Amino acid sequence: MSKITINQLHMALSEANSIVLTVHIRPDGDAIGSMLAFYEALVGQGKQVRMVVDDTIPEKFSFLSYADSIQSVDAFDWSQPVDMLLVLDASTYERIGRVGALCSAPIFNIDHHISNTEFAQGLYLRPDFAATGEIITDLCKKWNWPITESMGTSLYLAIATDCGFFKFSNTTFNTLEMASHCVKAGARPNIISERIEAVSSERLELTKEVMQTISFYKHNTVAIISLERKHMIILGDDTDGFVDIIRNVDTVDIAILLKAESDNSTRVSLRSKGTDVNRIAAHFGGGGHIRAAGCTIHMPLEEAKAVLLEVI
Ligand code: AMP
Ligand code: MN
Ligand code: MN
């Protein structure tokens, strides 16, 4: 069994008592928002639920309810019995880090990535949905599970961050409809935007420097912005928004953010207006969606840039 229907997912959840939730490493708004909301929903259904992530949780998500209940892999009590490991917003087994090896329970996966490798025993996949948060909202609606104000806030954040606050091509009627249910539940779009998009003056100073790295290729259809080691040391895990600086340039089809994770490893974020960047990311062992994907190239930044431009 790999792909499952909504009813099979419901059945599997009703049979599980102790559930561990996890999401992909370098968690984004969709991963964290979906997990916190589904945590609350499952607790509301009388389940014993715990959350574990094999990475640090960006500070900007700390205002969400239950964010302080997310445990690190090291603090987590792995000896307690677990009926189900429920993986949200992660498309491969590797993307959940050490949680996969540390938890021996059957794996279920709720995801929206077209590149999903079907690693789970039960996979509820909706590549037609903009965000995992959109799936979770839909499930709660269909199952008549109440959406509280805090769930609405987490789910709105999850949906909005994965569709560029309703600007990207993955935004559909259903995306907006699910977001409207979140607002009905009490989510405040302006407050959530303020929290997520707030920048310090130091960060803006750094952005001025990072903008000097912008370069154009292939008749200005490809733009690259780079976070070098010196930038990464200051920024840590909070690198959201940099690729958006170049994606709107009128001639640009593919926008690329390169992040020097170490002297020998470069994280790549790809965004496009038309080209299938999932295919480009897959070439380097990554994946994602047709118009937003990522991968890691095990080379220094400048070399990674060169091999990437050869593949495009
Ligand atoms: P990012 O550029 O990190 O924001 O990622 C863009 C999209 O691609 C997100 O939906 C990610 O979940 C996905 N993605 C990023 N890196 C990988 C990877 N190494 N493998 C599979 N999917 C990825
Ligand atoms: Mn994600
Ligand atoms: Mn997502």
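Structure first, text after, so check above.
Residues numbered from 1 in each chain as written. Chains lettered and ligands numbered in written order. Predicted model: local features only at pLDDT ≥ 70, side-chain atom pairs only at ≥ 80, totals over all residues. Heavy atoms only, no water.

**Q** Any details on the site of ligand 1? Residues and values, ideally.
**A** The environment of ligand 1 is made up of 14 residues, and the closest members are Arg95, His113, Arg267, Ser269 and Arg271. Arginine 267 places a side-chain nitrogen or oxygen 2.8 Å from an oxygen atom of ligand 1. Glycine 287 has a polar backbone atom sitting 3.2 Å from a nitrogen atom of ligand 1. In isolation ligand 1 has 470 Å² of accessible area, and contact with the protein removes 84% of it. The set of elements that each furnish at least two residues to the shell around ligand 1 consists of β10 (265–272), β11 (287–288) and β12 (292–297). Tallying contributions element by element places β12 first for the shell around ligand 1, with 4 residues. (Near = heavy atom within 4 Å. Polar contact = N/O pair within 3.5 Å; in protein donor to acceptor, adjacent residues only side chain to side chain. Areas by Shrake-Rupley, 256 points an atom, 1.4 Å probe, with all protein chains shown as cover. Helix = DSSP H or I, 4+ residues; strand = E, 2+ residues; numbered from the N terminus.)

**Q** Talk me through the environment of glutamate 202; I want residue IDs and the actual numbers.
**A** You can see glutamate 202 is positioned in helix α8 (residues 201–211). Look at glutamate 202 and you get exposed, because its relative accessible area is 57%. For the pair glutamate 202 and isoleucine 234, spaced 32 residues apart in sequence, the C-alpha to C-alpha distance is 9.7 Å. (Buried < 20%, exposed > 50% of the residue type's maximum accessible area, 1.4 Å probe, protein only.)

**Q** Just give me the short version of the coordination of the manganese ion (ligand 3), but keep the residues and values in it.
**A** The protein atoms that coordinate the manganese ion (ligand 3) are Asp30 (OD), Asp89 (OD), His112 (NE2) and Asp162 (OD), at distances spanning 2.1 to 2.2 Å. Expressed as a motif, the donor residue spacing for the manganese ion (ligand 3) is D-x58-D-x22-H-x49-D. Between the manganese ion (ligand 3) and the manganese ion (ligand 2), a spacing of 3.6 Å is present, and a bridge between the two is formed by aspartate 89. Of this pair, aspartate 30 sits in helix α2 (residues 29–44) while aspartate 89 sits in the loop between β4 (84–88) and α3 (99–102), and the two are 59 residues apart along the sequence. Judged by relative accessible area, which is 0%, aspartate 30 ranks as buried. (Donors = N, O, S within 2.8 Å, 3.2 Å for Na, K, Ca; no water.)

**Q** Summarise the side chain of aspartate 138; cite the residues concerned and give the values.
**A** By the secondary structure assignment, aspartate 138 is in helix α4 (residues 132–142). Owing to a relative accessible area of 5%, aspartate 138 belongs among the buried residues under this scheme. With residues up to four places along the chain from it excluded, the contact list for aspartate 138 reads Arg126, Phe129 and Met178. (Contact = heavy atoms within 4.5 Å.)

**Q** Let's hear about unusual backbone geometry: which residues, and what values?
**A** Its identity as a non-glycine residue notwithstanding, glutamate 118 has a phi of 55°, on the positive side. With relative accessibility at 39%, the residue glutamate 118 sits in the partly exposed group.

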